[in-house]
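Descriptive analysis of the structure
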Amino acid sequence: MEYVRRRFRSAVDALEHLVGGLGTAVLALGALFGAVVVAAACVGGVGLLLVPGMLRAVRSVADRERARLSRWGPPIPSPGPVPAGVRPALRDPVVRRELRWVATHGTLGFGAGLIALALPIYAVQDMTFPLWYRLVPPDAGAPGIGWWRVDGLGDALTVGVLGIGWLVLAVATGPALARIQARPGRRLLPPPPGFDLSLRVAELTATRAAALDAHAVELRRIERSLHDGTQNRLVAVNVLLGAARRAVRRDPARADEILERAQNAAEQALGELRTVVRGILPPVLGDRGLAGALDGLAAACAVPCRLSVDVDVRCAASVEATAYFVVAEALTNVVRHSGASTVEVAVRREGNRLLVTVTDDGRGDAEETRGSGLTGIRRRVEAYDGRMTLTSPPGGPTRMHVELPCGS
């Protein structure tokens, strides 16, 4: 049963990838047609003026595919603008690779996307055919098979069985089709060896600055927690112990009362200190692992929370701690701001990345600029070279998707 569930989830993810790839394939097909037209016009000497615009269009489509592939795997940086001038642009290795990609993705990627989209449609159509076959004249035949005359329920049920076959085929071939569709982009769109990665350097510089800012904020939070909470409790304990020492001979009963208050204050200080320690690195991660730690968060959430964790191998402690804090902060936001009735948390590992998705059915319209902690989550994620995507239209639902690199 668990194997079937994983296969269906993998097929649904693959279908999502393929539909997105079909969109860029349509754009690539249009760019390919434009490139062919411009090339034909160049034969007559009138198309040279159109070459820069055509190459910029190809670069725009390729950047869309780079962004799509970066959401599902290792990021692919954009090379920036196309070189000025026809000759420098056509000699640029990145431009040549993009033209090859347009030709491949506009044909192979388009075909893979159509197949992936057609299989579920055929499956639903055929599986439901026994429910509406009476509305179709027998001479019209089965859906998509005009020569197959349907004379009764038996023939209609046979078509329904064929629909189950389409569904099995879609589940079985979906991940492979997604890999086939993405392979040209993964091979041709990354910068070639020796390419200037100044944009990547700038991105890493900004990420490092964000990580330092996040670290400074975390230190200030810990300092405030210790100063405003634990330190004040310990000062109170010290004052109470002094008072008890002075009263122990004059009024033993009063001294006993003061000592009890001092013990309560010490217990509160110890509890606050444990809270601060858990905020630095929750011990439950080491004791129960990420799944157990998240299970505790889900159980303590004021909004009903459904948790799904599919992580077979332990990740690095820092990655698990980041995933834990992401979920903790996200659930806090759901309780405080969303007005949701349910929330779902899904954590799984795909290759060398840990994927965390938090979805609630609240009012939506969440923004990072409103002080809801989303900026802190993004900084913590980017500090580990991860990515965070937030989708929150007015009226909901709100979906936060985080990807963290976790090694091989």
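Conventions used here
- Residues numbered from 1 in each chain as written.
- Predicted model: local features only at pLDDT ≥ 70, side-chain atom pairs only at ≥ 80, totals over all residues.
- Heavy atoms only, no water.
- Helix = DSSP H or I, 4+ residues; strand = E, 2+ residues; numbered from the N terminus.
- Expected span 1.5 Å × (residues − 1).
- Buried < 20%, exposed > 50% of the residue type's maximum accessible area, 1.4 Å probe, protein only.
- Patch = residues over 30% accessible without salt bridge, like charges linked within 9 Å, V, L, I, M, F, W, Y side chains within 5 Å.
- Areas by Shrake-Rupley, 256 points an atom, 1.4 Å probe, with all protein chains shown as cover.
- Salt bridge = Lys/Arg side-chain N within 4 Å of Asp/Glu carboxyl O.
- Core = buried A, V, L, I, M, F, W, Y, C linked by side-chain atoms within 4.5 Å.
- Contact = heavy atoms within 4.5 Å.

The chain appears in an unreviewed UniProt entry as histidine kinase from Micromonospora aurantiaca.

Glancing now at helix H2 (residues 51–71). Think of an α-helix as 3.6 residues a turn; residues three or four steps apart then line up on the same face. The terminal C-alpha atoms of H2, which comprises 21 residues, lie 31 Å apart, in line with the 30 Å expected from a rise of 1.5 Å per residue. Taken residue by residue, H2 has Val51, Met54, Leu55, Val58, Arg59, Val61, Ala62, Glu65, Arg66, Arg68, Leu69 and Ser70 as its buried positions.

On to a nonpolar patch on the surface. Together, Leu15, Val19, Leu117, Ile121 and Tyr122 line one region of the surface with nonpolar side chains, adding up to about 400 Å² of accessible area. Breaking the nonpolar patch down by element, the ones donating at least two residues are helix H1 (2–43) and helix H4 (93–127). Looking at which element gives the most residues to the nonpolar patch, the answer is H4, with three residues. Inspection of the secondary structure assignment puts Ile121 in helix H4.

With that settled, the discussion passes to the nonpolar core. Judged by nonpolar contacts, the single largest core of 34 residues is most densely connected at Leu354, Met400 and Val402. For this core, the elements supplying multiple residues, two or more each, are helix H9 (283–300), helix H10 (317–338), strand E2 (343–350), strand E3 (353–360), helix H11 (374–382) and strand E5 (398–405). With eleven residues, the top contributor of residues to this core is H10. Sequence-distant contacts of Leu354, that is, excluding residues within four places in its chain, are made with Leu290, Val311, Cys315, Val319, Ala323, Val347, Arg348, Arg349, Val402, Glu403, Leu404 and Cys406. If you look at the next biggest cluster of nonpolar residues, it comprises 20 residues, including Ala35, Val51, Met54 and Val95.

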